[in-house]
Amino acid sequence: MIRNTFSLLNGIGEKLERNIWRSGIIDWEDFCNCDEIEGISQERKMIYDNQLTQAALELSFGNAEYFARIMKRRDHWRLYDVFKNGAICLDIETNGLQPGHGGYVTVVGFYDGYEWRYLISGENLNAENINRYLSGYKYLITFYGSAFDVPFLLRSFHGVRFDMPHFDLCFAARRLGFNGGLKKLEAMFGISRNDAVVGLNGYDAVKLWENVKRGSSEARELLLAYNKEDTTSLLNLADILYKKLRESTGID
(Lines give C-alpha, C1' and ligand atoms only; values in the text may rest on other atoms or scores of the structure.)
Protein backbone atom coordinates (compact mmCIF):
# COMPACT_ATOMS: atom_id res chain seq x y z
CA MET A 1 0.00 0.00 0.00
CA ILE A 2 2.84 2.40 0.71
CA ARG A 3 3.84 2.48 -2.97
CA ASN A 4 0.29 3.60 -3.80
CA THR A 5 0.42 6.36 -1.20
CA PHE A 6 0.60 9.98 -2.32
CA SER A 7 -0.76 11.49 0.89
CA LEU A 8 2.77 11.44 2.30
CA LEU A 9 3.43 14.46 0.08
CA ASN A 10 2.69 17.87 1.59
CA GLY A 11 -0.45 19.31 0.01
CA ILE A 12 -1.95 15.98 -1.07
CA GLY A 13 -4.82 14.75 1.07
CA GLU A 14 -6.89 11.61 0.72
CA LYS A 15 -9.42 13.26 -1.64
CA LEU A 16 -6.75 14.35 -4.13
CA GLU A 17 -5.03 11.00 -3.71
CA ARG A 18 -8.22 9.20 -4.78
CA ASN A 19 -8.56 11.50 -7.77
CA ILE A 20 -5.00 10.66 -8.79
CA TRP A 21 -5.79 6.94 -8.56
CA ARG A 22 -8.96 7.41 -10.63
CA SER A 23 -6.89 9.06 -13.37
CA GLY A 24 -4.91 5.82 -13.72
CA ILE A 25 -1.87 6.91 -11.72
CA ILE A 26 -1.68 4.10 -9.17
CA ASP A 27 1.83 4.09 -7.75
CA TRP A 28 4.97 6.18 -7.36
CA GLU A 29 6.43 5.02 -10.67
CA ASP A 30 3.25 6.02 -12.53
CA PHE A 31 3.37 9.42 -10.86
CA CYS A 32 6.98 10.16 -11.74
CA ASN A 33 6.58 8.91 -15.33
CA CYS A 34 3.52 11.08 -15.94
CA ASP A 35 4.18 14.43 -17.66
CA GLU A 36 1.41 16.28 -15.89
CA ILE A 37 -1.27 15.64 -13.28
CA GLU A 38 -4.51 17.55 -13.00
CA GLY A 39 -4.56 19.82 -9.96
CA ILE A 40 -0.77 19.82 -9.52
CA SER A 41 1.46 22.54 -11.03
CA GLN A 42 4.57 21.55 -12.96
CA GLU A 43 6.76 23.18 -10.33
CA ARG A 44 5.04 21.30 -7.55
CA LYS A 45 5.18 18.04 -9.50
CA MET A 46 8.96 18.33 -9.84
CA ILE A 47 9.22 18.63 -6.07
CA TYR A 48 6.91 15.65 -5.61
CA ASP A 49 8.88 13.58 -8.14
CA ASN A 50 12.06 14.16 -6.14
CA GLN A 51 10.33 13.29 -2.88
CA LEU A 52 8.88 10.07 -4.28
CA THR A 53 12.23 9.10 -5.77
CA GLN A 54 13.79 9.57 -2.34
CA ALA A 55 10.97 7.60 -0.69
CA ALA A 56 11.49 4.72 -3.12
CA LEU A 57 15.21 4.72 -2.31
CA GLU A 58 14.58 4.71 1.44
CA LEU A 59 12.04 1.91 1.03
CA SER A 60 14.58 -0.17 -0.90
CA PHE A 61 16.95 0.29 2.06
CA GLY A 62 14.22 -0.79 4.47
CA ASN A 63 14.51 2.54 6.28
CA ALA A 64 11.32 2.43 8.36
CA GLU A 65 12.37 5.38 10.54
CA TYR A 66 12.36 7.62 7.46
CA PHE A 67 8.66 6.93 6.91
CA ALA A 68 7.91 7.37 10.60
CA ARG A 69 9.27 10.91 10.24
CA ILE A 70 7.59 11.96 6.99
CA MET A 71 4.17 10.32 7.29
CA LYS A 72 1.18 11.24 9.39
CA ARG A 73 0.81 8.72 12.21
CA ARG A 74 -2.74 7.90 11.11
CA ASP A 75 -1.26 6.61 7.83
CA HIS A 76 1.40 4.35 9.34
CA TRP A 77 -0.91 1.39 8.73
CA ARG A 78 -0.04 1.72 5.02
CA LEU A 79 3.43 0.37 5.79
CA TYR A 80 2.14 -2.87 7.31
CA ASP A 81 2.49 -5.16 4.30
CA VAL A 82 6.06 -4.00 3.69
CA PHE A 83 7.30 -4.19 7.28
CA LYS A 84 5.09 -6.96 8.71
CA ASN A 85 7.99 -9.41 8.82
CA GLY A 86 9.97 -6.86 10.84
CA ALA A 87 7.11 -5.97 13.18
CA ILE A 88 7.02 -6.24 16.96
CA CYS A 89 3.76 -6.32 18.92
CA LEU A 90 3.86 -4.72 22.36
CA ASP A 91 1.50 -4.65 25.34
CA ILE A 92 2.08 -3.53 28.93
CA GLU A 93 0.48 -4.18 32.29
CA THR A 94 0.63 -1.66 35.15
CA ASN A 95 -0.27 -1.43 38.82
CA GLY A 96 -3.31 0.64 37.93
CA LEU A 97 -1.89 4.08 38.78
CA GLN A 98 -0.39 6.80 36.59
CA PRO A 99 3.33 7.65 36.41
CA GLY A 100 4.13 10.35 38.91
CA HIS A 101 1.28 9.18 41.14
CA GLY A 102 2.67 5.84 42.21
CA GLY A 103 2.10 4.14 38.89
CA TYR A 104 4.61 1.79 37.30
CA VAL A 105 4.84 -0.88 34.64
CA THR A 106 4.57 -4.45 35.89
CA VAL A 107 4.93 -6.44 32.65
CA VAL A 108 5.95 -5.65 29.08
CA GLY A 109 5.16 -8.30 26.48
CA PHE A 110 6.72 -8.54 23.01
CA TYR A 111 5.67 -10.75 20.09
CA ASP A 112 7.19 -10.87 16.61
CA GLY A 113 5.03 -13.57 15.10
CA TYR A 114 7.37 -16.33 16.22
CA GLU A 115 8.23 -15.83 19.87
CA TRP A 116 6.58 -14.11 22.83
CA ARG A 117 8.98 -12.60 25.36
CA TYR A 118 8.40 -10.56 28.46
CA LEU A 119 10.02 -8.24 30.96
CA ILE A 120 8.66 -8.15 34.51
CA SER A 121 9.09 -5.62 37.29
CA GLY A 122 11.61 -6.58 39.94
CA GLU A 123 13.32 -9.12 37.69
CA ASN A 124 14.48 -7.82 34.31
CA LEU A 125 12.34 -4.78 33.45
CA ASN A 126 14.50 -1.74 32.68
CA ALA A 127 15.15 0.73 29.86
CA GLU A 128 18.16 -1.16 28.57
CA ASN A 129 16.22 -4.39 28.17
CA ILE A 130 13.21 -2.65 26.59
CA ASN A 131 15.48 -1.10 23.95
CA ARG A 132 17.25 -4.42 23.47
CA TYR A 133 13.97 -6.24 22.89
CA LEU A 134 12.85 -3.55 20.43
CA SER A 135 16.15 -3.45 18.55
CA GLY A 136 16.21 -5.07 15.16
CA TYR A 137 12.51 -4.45 14.53
CA LYS A 138 11.18 -1.88 12.11
CA TYR A 139 7.47 -1.59 12.90
CA LEU A 140 5.44 -1.35 16.10
CA ILE A 141 1.94 -2.79 16.58
CA THR A 142 -0.15 -2.03 19.67
CA PHE A 143 -3.74 -1.63 20.77
CA TYR A 144 -4.25 1.90 22.14
CA GLY A 145 -0.49 2.02 22.56
CA SER A 146 -0.05 5.51 21.12
CA ALA A 147 -2.27 6.86 23.89
CA PHE A 148 -1.31 4.54 26.76
CA ASP A 149 1.51 1.98 26.45
CA VAL A 150 4.12 4.09 24.67
CA PRO A 151 3.59 7.31 26.72
CA PHE A 152 3.58 5.25 29.94
CA LEU A 153 6.87 3.61 29.03
CA LEU A 154 8.45 6.91 27.99
CA ARG A 155 7.48 8.51 31.29
CA SER A 156 8.64 5.50 33.30
CA PHE A 157 11.98 4.65 31.69
CA HIS A 158 14.52 7.27 30.67
CA GLY A 159 16.20 6.53 27.36
CA VAL A 160 13.55 4.25 25.86
CA ARG A 161 13.21 4.98 22.14
CA PHE A 162 10.27 4.46 19.79
CA ASP A 163 11.45 5.71 16.39
CA MET A 164 9.66 3.18 14.20
CA PRO A 165 6.29 3.52 12.45
CA HIS A 166 3.39 2.61 14.75
CA PHE A 167 0.21 0.78 13.73
CA ASP A 168 -2.24 1.42 16.59
CA LEU A 169 -5.06 -1.07 16.05
CA CYS A 170 -7.47 0.70 18.39
CA PHE A 171 -7.60 3.84 16.28
CA ALA A 172 -7.53 1.82 13.06
CA ALA A 173 -10.63 -0.06 14.22
CA ARG A 174 -12.40 3.17 15.19
CA ARG A 175 -11.61 4.62 11.78
CA LEU A 176 -13.44 1.66 10.27
CA GLY A 177 -16.40 2.07 12.63
CA PHE A 178 -15.51 -0.78 15.00
CA ASN A 179 -15.69 0.43 18.58
CA GLY A 180 -14.77 -1.39 21.76
CA GLY A 181 -11.72 -2.88 23.40
CA LEU A 182 -9.35 -5.58 22.25
CA LYS A 183 -11.41 -8.48 23.65
CA LYS A 184 -14.58 -7.25 21.92
CA LEU A 185 -12.79 -7.01 18.58
CA GLU A 186 -11.23 -10.44 19.04
CA ALA A 187 -14.69 -11.91 19.56
CA MET A 188 -16.06 -9.97 16.58
CA PHE A 189 -13.39 -11.33 14.24
CA GLY A 190 -13.19 -14.86 15.65
CA ILE A 191 -9.79 -14.57 17.36
CA SER A 192 -9.72 -17.05 20.25
CA ARG A 193 -7.96 -16.84 23.62
CA ASN A 194 -6.39 -19.30 26.02
CA ASP A 195 -9.23 -20.62 28.20
CA ALA A 196 -7.21 -19.82 31.33
CA VAL A 197 -7.51 -16.07 30.75
CA VAL A 198 -10.91 -15.77 29.07
CA GLY A 199 -12.88 -13.10 30.90
CA LEU A 200 -9.88 -11.43 32.52
CA ASN A 201 -9.37 -7.70 31.98
CA GLY A 202 -6.98 -4.91 32.94
CA TYR A 203 -8.45 -4.60 36.42
CA ASP A 204 -7.82 -8.31 36.99
CA ALA A 205 -4.22 -7.79 35.85
CA VAL A 206 -3.78 -5.16 38.56
CA LYS A 207 -5.20 -7.53 41.18
CA LEU A 208 -2.99 -10.36 39.95
CA TRP A 209 0.05 -8.13 40.36
CA GLU A 210 -0.94 -7.47 43.98
CA ASN A 211 -0.87 -11.23 44.54
CA VAL A 212 2.46 -11.53 42.72
CA LYS A 213 3.95 -9.06 45.19
CA ARG A 214 2.67 -11.28 48.00
CA GLY A 215 4.64 -14.16 46.54
CA SER A 216 2.00 -16.03 44.53
CA SER A 217 3.62 -17.97 41.71
CA GLU A 218 0.18 -18.90 40.37
CA ALA A 219 -0.77 -15.23 40.04
CA ARG A 220 2.53 -14.56 38.27
CA GLU A 221 1.91 -17.29 35.70
CA LEU A 222 -1.68 -16.15 35.12
CA LEU A 223 -0.62 -12.51 34.72
CA LEU A 224 2.00 -13.50 32.17
CA ALA A 225 -0.50 -15.73 30.36
CA TYR A 226 -2.92 -12.79 30.21
CA ASN A 227 -0.28 -10.49 28.76
CA LYS A 228 0.76 -13.15 26.28
CA GLU A 229 -2.78 -13.39 24.92
CA ASP A 230 -3.09 -9.60 24.69
CA THR A 231 0.19 -9.39 22.81
CA THR A 232 0.04 -12.38 20.48
CA SER A 233 -3.49 -11.61 19.25
CA LEU A 234 -2.36 -8.26 17.85
CA LEU A 235 -0.80 -9.68 14.70
CA ASN A 236 -3.98 -11.52 13.71
CA LEU A 237 -6.03 -8.39 14.30
CA ALA A 238 -3.52 -6.31 12.34
CA ASP A 239 -3.94 -8.61 9.32
CA ILE A 240 -7.71 -8.14 9.42
CA LEU A 241 -7.72 -4.38 9.96
CA TYR A 242 -5.03 -3.73 7.35
CA LYS A 243 -7.08 -5.46 4.67
CA LYS A 244 -10.20 -3.54 5.67
CA LEU A 245 -8.34 -0.21 5.75
CA ARG A 246 -6.92 -0.87 2.29
CA GLU A 247 -10.39 -1.68 0.96
CA SER A 248 -11.75 1.51 2.52
CA THR A 249 -9.34 3.70 0.51
CA GLY A 250 -10.82 2.59 -2.81
CA ILE A 251 -7.40 1.74 -4.25
CA ASP A 252 -8.55 -1.71 -5.37
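Structural data are supplied above this passage.
From a predicted model like this one, the values you see are computed outputs, not experimental measurements.

**Quick word on the sheet that holds strand 1 (residues 87-94)**
Link 1 in the chain: Read across the open sheet, the 5 strands follow the order 3-2-1-4-5; overall the sheet is mixed. Strands with a single pairing partner mark the edges of an open sheet, and in this sheet they are strand 3 (116-120) and strand 5 (166-168). Strand after strand, the sheet turns through a mean of 25 degrees between neighbouring axes, direction not considered.
Link 2 in the chain: Note: strand 4 (residues 139-142) against strand 5, 3 bridges, orientation parallel. Note on strand 5: the bridge partner recorded for T142 is D168.
Link 3 in the chain: Relative to the sheet, helix 6 (residues 127-134) contacts strand 1, strand 2 (105-111) and strand 3, its axis offset from that of strand 3 by approximately 170 degrees.

**A word on the pairing of strand 3**
Link 1 in the chain: Pairing of strand 2 with strand 3 involves 5 bridges; the strand directions are antiparallel. Bridge pairing links Y111 to W116 in strand 3.
Link 2 in the chain: Count of turn residues in the strand 2/strand 3 antiparallel hairpin: 4 residues, of which G113 carries a positive phi of about 95 degrees.

**Digging into the pattern of salt bridges**
Link 1 in the chain: Summed over the entire model, instances satisfying the criterion amount to 15 salt bridges.
Link 2 in the chain: For D163, the salt bridge goes to R161, with nearest N and O atoms at 2.2 Å.
Link 3 in the chain: The exposure class assigned to D163 is partly exposed, which follows from its relative accessible area of 30%.
Link 4 in the chain: Ionic pairing is found between R220 and E221, a salt bridge with its closest N-O pair at 3.2 Å.
Link 5 in the chain: Classification of R220 as buried rests on a relative accessible area of 18%.
Link 6 in the chain: E221 gets classed as partly exposed once you look at its relative accessible area, which sits at 47%.
Link 7 in the chain: Among the ionic contacts, a cluster of salt bridges with common partners joins E14, E17, R74, D75, R78 and R175.

**Observations concerning the layout of surface pockets**
Link 1 in the chain: Here the largest pocket is characterised by a volume of approximately 430 Å³.
Link 2 in the chain: For the largest pocket, the lining is made up of 20 residues, of which D91, I92, F148, K183 and D230 are closest to its centre.
Link 3 in the chain: Only strand 1, helix 9 (182-188), helix 10 (202-213) and helix 11 (217-249) provide two or more residues apiece to the lining of the largest pocket.
Link 4 in the chain: In terms of residue count, strand 1 provides more of the lining of the largest pocket than any other element does, 5 residues in total.
Link 5 in the chain: Each residue belonging to the lining of the largest pocket can be placed in one class, and the counts come to 10 nonpolar, 5 polar and 5 charged.
Link 6 in the chain: Considered as a void within the structure, the second largest pocket measures approximately 230 Å³ in volume.
Link 7 in the chain: Elements with a contribution of two residues or more to the lining of the second largest pocket: helix 4 (64-70) and helix 6.
Link 8 in the chain: Considering only residue class, the lining of the second largest pocket consists of 4 nonpolar, 5 polar and 4 charged.

**Some words on the side chain of E58**
Link 1 in the chain: For E58, the location among the structural elements is in helix 3 (residues 42-60).
Link 2 in the chain: Of the side chains with opposite charge, R69 comes closest to the buried, unpaired E58, at an N-O distance of 6.1 Å.
Link 3 in the chain: Looking at E58, its side chain comes within polar contact range of the side chain of Q54, at 2.6 Å.
Link 4 in the chain: With residues near it in sequence (within four places) discarded, E58 still touches N63, Y66 and F67.

Calculation criteria
Counting starts from 1 at the beginning of each chain's written sequence and moves along it residue by residue. pLDDT decides what is reported in this predicted model: residues at 70 or higher carry local features, side-chain atom pairs at 80 or more are listed and counted, and totals for whole chains, interfaces and linings draw on all residues regardless. Only hydrogens and water are set aside when side-chain values are computed; all heavy atoms of the structure are taken into account. In short, DSSP must find at least two bridges between two strands for them to pair. Counting from the N terminus, the helices are DSSP H or I runs at least four residues long and the strands are E runs at least two residues long. Axes here refer to lines fitted to C-alpha atoms; in helices the fit is confined to the stretch in contact. Angles between the N-to-C directions go from 0 to 180 degrees. Only heavy atoms enter the contact rule, under which two residues are in contact if any of them lie within 4.5 Å. Put simply, a salt bridge is a Lys or Arg side-chain nitrogen that is within 4 Å of an Asp or Glu carboxyl oxygen. For the exposure calls, accessible area comes from a 1.4 Å probe over protein chains only, and a residue counts as buried if that area is under 20% of its type's maximum, exposed if over 50%, partly exposed in between. A 1.4 Å probe that fits into a set of points on a 1 Å grid over the protein atoms alone but cannot get out defines a cavity; an open set with protein on both sides within 12 Å along at least five of seven lines defines a pocket, and lining residues are those with an atom within 4 Å of a point. Grid points are joined across faces, edges and corners, and a volume is the space filled by probe spheres set on the points. Residues were grouped as follows: Ala, Val, Leu, Ile, Met, Phe, Trp, Tyr, Cys and Pro as nonpolar; Asp, Glu, Lys and Arg as charged; and all remaining residues, including Gly, as polar. For the charge count, each Lys or Arg is scored as positive and each Asp or Glu as negative, with His and the chain ends excluded. Two N or O atoms form a polar contact when they lie within 3.5 Å of each other; inside protein one atom must be a possible hydrogen donor and the other a possible acceptor, and for residues adjacent in sequence the pair counts only when both atoms belong to side chains.

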